[in-house]
Amino acid sequence: MEELRPLLLSIAYRMLGSFGDAEDIVQEAYLRLHREEDVESPKAFLTTVTTRLAIDQLRSARRKRELYVGPWLPEPAVDEYVDLADRAALSDSLSTAFLVVLERLSPDQRAVFLLCDVFGYPYDEVAGMIGKTPSACRQLAVRARRRLADERPRFDASRQERDELVRRFVAAAQRGELEELVELLTPDATFTGDGGGKGGFPRPVHGAQNVARMLVGAFVKLRGLELTVEPVHVGGQPAVRVRDVANRTAAVWSFVVAEGQITTIHGVVNPDKLDHLQPSEHQS
């Protein structure tokens, strides 16, 4: 039954945006399975328990986030360090931009949308998982798709084109080329930083000029702190990992590219959200 763990973690992480919480929920699901007798389908049991625990956790987490300092972003699922993509087609649903948009859904809507549209479960199975009728699940899915229609990120460029654009962008930021940065950003580009009160920016930065100036200043600080920047991917989308001389991750910035320009940058610098990316001897 351990072969089911990656699937369960994939569902729980996409629901919660937290690896630690996802692991706790999956562990609890296995404990409940071991306490049960004569479970006809361990997969159905584990998926149901994982989904219901994630829904409950998400409801309580949203209340806690009202007290969170600054913008909240999910823990970055860096492809090179975290393997939660069950197959290449599911990778985009691990991108930071996608998970941020999912925050607009209710916990039930999020569960139904993920299970049906991402993982391909039929409505009758999802209904049993969340304790609703198939008809109610269809309604939840319709509302979820409607809410996401205008905001769901569209990754229209090829991976190579996206990577090259971000490479040029980072190189320009390192050189302090303000005008080049502005050209690579859409006029309404946004940078959102999650520091959890331990760094970063207390509110999003809007507009190409403002984002470019902020990034030039940030890269000046990176040089002074002897931090290095390496290209990575988050949910198949271009990103950079900022690391210190001890190879510890100090930040992960994820990029959204559309029509040849960068529209959105999400930067996670809260150390609590980077623990899963640290060298194993430092993990808590």
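Not measured: the values here are computed from a predicted model.

> Any details on the sheet that holds strand β6 (residues 261-268)? Residues and values, ideally.
Across a sheet, strands are paired by hydrogen bonds formed along the backbone, either parallel or antiparallel in direction. The strand order β2-β1-β6-β5-β4-β3 describes an open sheet built from six strands, whose pairing is mixed. Edge strands, defined here as strands with exactly one partner in the open sheet, are β2 (205-206) and β3 (228-234). Strand direction decides the pairing type here: strand β4 (residues 237-243) and strand β5 (residues 249-258), joined by five bridges, are antiparallel. If you follow R241 over to β5, its bridge partner there is V252. The sheet strands contacting helix α10 (residues 208-224) are β1 (185-194), β2, β3, β4, β5 and β6, and the helix crosses β1 at an angle near 45°.

> Tell me about the pattern of salt bridges, and please be specific about residues and values.
For the structure on display, the rule yields 14 salt bridges. A salt bridge links D108 to K132; its shortest N-O distance comes to 3.7 Å. Taken together, the positions of D108 in helix α5 (residues 107-118) and K132 in the loop between α6 (123-130) and α7 (134-148) put the pair 24 residues apart, joining distant regions of the chain. For D108, a relative accessible area of 14% puts it in the buried group.

> Quick rundown of unusual backbone geometry? Include the residues and the values.
Unlike most non-glycine residues, E226 shows phi in positive territory, near 60°. Inspection of the secondary structure puts E226 in the loop between α10 and β3. Taking the relative accessible area as the measure of exposure, E226 reaches 56% and is therefore exposed. You will see that N247, though not glycine, has its phi angle at about 70°, which is positive. Residue position: N247 is located in the loop between β4 and β5.

> How would you sum up the pairing of β6? Please name residues and give values.
Burial within β6 is extensive, with six of its eight residues counted as buried. Examined bridge by bridge, β1 and β6 share six bridges and lie parallel to one another. Bridge pairing in β6 links G193 to G267. Here β5 runs beside β6; their pairing, made up of seven bridges, is antiparallel.

Thresholds, definitions, all that
Residues numbered from 1 in each chain as written. Predicted model: local features only at pLDDT ≥ 70, side-chain atom pairs only at ≥ 80, totals over all residues. Heavy atoms only, no water. Pairing = 2+ DSSP bridges. Helix = DSSP H or I, 4+ residues; strand = E, 2+ residues; numbered from the N terminus. Contact = heavy atoms within 4.5 Å. Axes fitted to C-alpha atoms, helices over the stretch in contact; angles between N-to-C directions. Salt bridge = Lys/Arg side-chain N within 4 Å of Asp/Glu carboxyl O. Buried < 20%, exposed > 50% of the residue type's maximum accessible area, 1.4 Å probe, protein only.

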